[in-house]
Amino acid sequence: MPADLSPLIAATTQWLTRAFPAGGGPLTAALAEAQARQAVTVATWLRYPTDLDAALVLLTGPGGSARLDEVTGAPGPVAAGPQDLVWRGWVDEVVTSWAAHLLTAPDAAREAVKALDRSEHTVAGPAEFRRLTEPNAHDLAATALLRHPDLLEPIARLHHADLLDRLRLGPARAR
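Quick notes on the rules
Residues numbered from 1 in each chain as written. Predicted model: local features only at pLDDT ≥ 70, side-chain atom pairs only at ≥ 80, totals over all residues. Heavy atoms only, no water. Helix = DSSP H or I, 4+ residues; strand = E, 2+ residues; numbered from the N terminus. Contact = heavy atoms within 4.5 Å. Patch = residues over 30% accessible without salt bridge, like charges linked within 9 Å, V, L, I, M, F, W, Y side chains within 5 Å. Areas by Shrake-Rupley, 256 points an atom, 1.4 Å probe, with all protein chains shown as cover. Salt bridge = Lys/Arg side-chain N within 4 Å of Asp/Glu carboxyl O. Buried < 20%, exposed > 50% of the residue type's maximum accessible area, 1.4 Å probe, protein only. Phe/Tyr/Trp six-rings, centres within 6.5 Å; stacked < 30°, edge-to-face > 60°.

Visitor: Mind showing me how you'd approach the side chain of Gln38 here?
Guide: Relative to the helices and strands, Gln38 resides in helix H2 (residues 26–47). Each residue touching Gln38, except ones within four places of it in the same chain, is listed here: Glu128, Phe129, Arg130, Arg131 and Leu132.

Visitor: Help me out: how do you make sense of a nonpolar patch on the surface in this one?
Guide: A cluster of nonpolar side chains, Leu52, Leu56 and Leu59, forms an exposed patch at the surface whose accessible area comes to about 340 Å². Using a relative accessible area of 42% as the deciding quantity, one classes Leu56 as partly exposed.

Visitor: How do you make sense of the packing of aromatic side chains when you look at a structure like this?
Guide: What describes a pair of aromatic rings is the distance from one ring centre to the other and the angle between the planes of the rings. Applying the stated rule across the entire model yields two aromatic pairs. Aromatic pair Trp15 and Phe20: ring centres 6.4 Å apart, planes at 75°, arrangement edge-to-face. Here Trp15 matches Phe20 in class, with each residue buried. Taken together, a centroid distance of 5.9 Å and an interplanar angle of 85° make the contact between Trp45 and Phe129 edge-to-face. Linking Trp45 in helix H2 with Phe129 in the loop between helix H8 (106–115) and helix H9 (130–133), this pair joins segments that are 84 residues apart in sequence.

Rendered as C-alpha coordinates:
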(Lines give C-alpha, C1' and ligand atoms only; values in the text may rest on other atoms or scores of the structure.)
Protein backbone atom coordinates (compact mmCIF):
# COMPACT_ATOMS: atom_id res chain seq x y z
CA MET A 1 0.00 0.00 0.00
CA PRO A 2 1.48 3.38 -1.00
CA ALA A 3 2.42 5.80 1.74
CA ASP A 4 -0.23 8.42 2.40
CA LEU A 5 1.05 11.72 1.06
CA SER A 6 -2.24 13.51 1.76
CA PRO A 7 -0.84 15.84 4.49
CA LEU A 8 1.79 17.13 2.07
CA ILE A 9 -0.71 17.43 -0.79
CA ALA A 10 -3.28 19.21 1.39
CA ALA A 11 -0.80 21.70 2.87
CA THR A 12 0.83 22.51 -0.45
CA THR A 13 -2.58 22.95 -2.09
CA GLN A 14 -3.64 25.23 0.75
CA TRP A 15 -0.50 27.32 0.37
CA LEU A 16 -1.07 27.77 -3.38
CA THR A 17 -4.74 28.69 -2.99
CA ARG A 18 -3.95 31.19 -0.24
CA ALA A 19 -1.04 32.75 -2.13
CA PHE A 20 -3.05 32.99 -5.38
CA PRO A 21 -6.69 33.13 -4.26
CA ALA A 22 -9.74 32.79 -6.44
CA GLY A 23 -12.35 35.51 -6.37
CA GLY A 24 -16.03 35.12 -7.00
CA GLY A 25 -17.42 32.96 -4.25
CA PRO A 26 -17.42 29.38 -3.03
CA LEU A 27 -17.87 27.66 -6.42
CA THR A 28 -14.96 29.56 -7.91
CA ALA A 29 -12.82 28.77 -4.88
CA ALA A 30 -13.72 25.07 -5.15
CA LEU A 31 -12.78 24.98 -8.84
CA ALA A 32 -9.46 26.68 -8.11
CA GLU A 33 -8.74 24.30 -5.24
CA ALA A 34 -9.52 21.27 -7.42
CA GLN A 35 -7.05 22.44 -10.05
CA ALA A 36 -4.38 23.27 -7.48
CA ARG A 37 -4.87 19.88 -5.82
CA GLN A 38 -4.51 18.07 -9.15
CA ALA A 39 -1.31 19.97 -9.99
CA VAL A 40 0.09 19.33 -6.51
CA THR A 41 -0.84 15.64 -6.65
CA VAL A 42 0.91 15.18 -10.00
CA ALA A 43 3.96 17.09 -8.75
CA THR A 44 4.02 15.10 -5.50
CA TRP A 45 3.81 11.76 -7.28
CA LEU A 46 6.60 12.82 -9.64
CA ARG A 47 8.77 14.06 -6.76
CA TYR A 48 8.17 10.99 -4.58
CA PRO A 49 7.63 8.21 -7.14
CA THR A 50 8.13 5.18 -4.92
CA ASP A 51 6.67 4.05 -1.64
CA LEU A 52 10.12 4.41 -0.08
CA ASP A 53 10.42 8.03 -1.27
CA ALA A 54 6.99 8.79 0.16
CA ALA A 55 7.75 7.10 3.47
CA LEU A 56 11.01 9.04 3.81
CA VAL A 57 9.40 12.44 3.25
CA LEU A 58 6.66 11.56 5.73
CA LEU A 59 9.36 10.64 8.26
CA THR A 60 11.59 13.69 7.73
CA GLY A 61 9.04 16.30 6.67
CA PRO A 62 9.04 18.29 3.45
CA GLY A 63 10.60 21.52 4.75
CA GLY A 64 7.84 24.10 4.99
CA SER A 65 6.77 27.28 3.27
CA ALA A 66 9.32 29.82 4.57
CA ARG A 67 11.18 30.37 1.29
CA LEU A 68 7.96 30.41 -0.72
CA ASP A 69 6.50 33.00 1.62
CA GLU A 70 9.62 35.09 1.17
CA VAL A 71 9.58 34.82 -2.64
CA THR A 72 5.91 35.81 -2.90
CA GLY A 73 5.89 38.32 -0.07
CA ALA A 74 3.15 36.31 1.65
CA PRO A 75 2.86 36.63 5.42
CA GLY A 76 4.80 33.89 7.15
CA PRO A 77 3.31 31.54 9.73
CA VAL A 78 3.99 33.86 12.67
CA ALA A 79 2.27 36.81 10.95
CA ALA A 80 -0.61 34.62 9.80
CA GLY A 81 -1.11 33.10 13.23
CA PRO A 82 0.22 30.25 15.35
CA GLN A 83 -2.41 27.83 14.00
CA ASP A 84 -0.68 28.10 10.60
CA LEU A 85 2.64 26.77 11.91
CA VAL A 86 1.55 23.14 11.64
CA TRP A 87 0.13 23.02 8.13
CA ARG A 88 2.83 25.34 6.72
CA GLY A 89 5.44 22.87 7.94
CA TRP A 90 3.96 20.28 5.54
CA VAL A 91 4.33 22.50 2.46
CA ASP A 92 6.92 21.14 0.02
CA GLU A 93 8.83 23.87 -1.82
CA VAL A 94 9.85 21.65 -4.75
CA VAL A 95 6.33 20.26 -5.17
CA THR A 96 4.94 23.81 -5.06
CA SER A 97 7.41 24.94 -7.72
CA TRP A 98 6.61 21.99 -9.96
CA ALA A 99 2.86 22.45 -9.49
CA ALA A 100 3.18 26.15 -10.36
CA HIS A 101 4.88 25.21 -13.61
CA LEU A 102 2.23 22.58 -14.41
CA LEU A 103 -0.55 25.10 -13.81
CA THR A 104 1.00 27.58 -16.25
CA ALA A 105 2.26 25.19 -18.93
CA PRO A 106 -0.48 22.92 -20.34
CA ASP A 107 1.92 20.83 -22.44
CA ALA A 108 4.10 20.16 -19.40
CA ALA A 109 1.01 19.21 -17.37
CA ARG A 110 -0.03 16.65 -19.98
CA GLU A 111 3.54 15.31 -20.17
CA ALA A 112 3.71 15.04 -16.38
CA VAL A 113 0.43 13.14 -16.16
CA LYS A 114 1.63 10.80 -18.90
CA ALA A 115 4.87 10.24 -16.96
CA LEU A 116 2.78 8.87 -14.09
CA ASP A 117 1.48 5.95 -16.18
CA ARG A 118 3.92 3.51 -14.60
CA SER A 119 4.08 5.18 -11.19
CA GLU A 120 3.60 3.17 -8.01
CA HIS A 121 0.93 5.72 -7.10
CA THR A 122 -1.26 4.80 -10.09
CA VAL A 123 -0.96 1.01 -9.77
CA ALA A 124 -4.54 0.78 -8.48
CA GLY A 125 -5.80 2.44 -11.66
CA PRO A 126 -5.54 5.66 -13.63
CA ALA A 127 -6.12 8.92 -11.84
CA GLU A 128 -8.19 11.74 -13.33
CA PHE A 129 -6.45 15.08 -13.89
CA ARG A 130 -8.76 16.65 -16.46
CA ARG A 131 -9.11 19.99 -14.66
CA LEU A 132 -5.33 20.34 -14.80
CA THR A 133 -4.72 19.10 -18.34
CA GLU A 134 -7.93 20.17 -20.10
CA PRO A 135 -9.46 23.05 -18.13
CA ASN A 136 -12.74 24.41 -19.42
CA ALA A 137 -13.73 28.08 -19.46
CA HIS A 138 -15.10 27.92 -15.89
CA ASP A 139 -11.88 26.31 -14.64
CA LEU A 140 -9.76 29.00 -16.28
CA ALA A 141 -11.94 31.81 -14.99
CA ALA A 142 -11.65 30.43 -11.45
CA THR A 143 -7.87 30.39 -11.64
CA ALA A 144 -7.04 33.77 -13.10
CA LEU A 145 -4.31 34.25 -10.49
CA LEU A 146 -3.39 30.60 -9.96
CA ARG A 147 -2.61 30.03 -13.65
CA HIS A 148 -1.13 33.45 -14.39
CA PRO A 149 2.39 32.79 -15.77
CA ASP A 150 3.83 36.14 -14.64
CA LEU A 151 2.58 35.72 -11.07
CA LEU A 152 3.72 32.10 -10.70
CA GLU A 153 7.02 32.50 -12.54
CA PRO A 154 9.12 33.27 -9.42
CA ILE A 155 7.81 30.07 -7.80
CA ALA A 156 7.93 27.92 -10.94
CA ARG A 157 11.54 28.80 -11.73
CA LEU A 158 12.83 27.77 -8.27
CA HIS A 159 13.04 24.09 -9.25
CA HIS A 160 12.22 24.18 -12.97
CA ALA A 161 15.39 22.35 -14.07
CA ASP A 162 14.67 19.48 -11.67
CA LEU A 163 11.16 19.10 -13.06
CA LEU A 164 12.47 19.01 -16.63
CA ASP A 165 14.99 16.34 -15.62
CA ARG A 166 12.27 14.28 -13.95
CA LEU A 167 10.04 14.52 -17.02
CA ARG A 168 12.93 13.63 -19.32
CA LEU A 169 14.01 10.63 -17.25
CA GLY A 170 10.63 9.50 -15.97
CA PRO A 171 9.70 9.31 -12.29
CA ALA A 172 11.01 5.81 -11.62
CA ARG A 173 14.45 6.32 -13.24
CA ALA A 174 15.27 9.78 -11.82
CA ARG A 175 17.42 8.83 -8.86
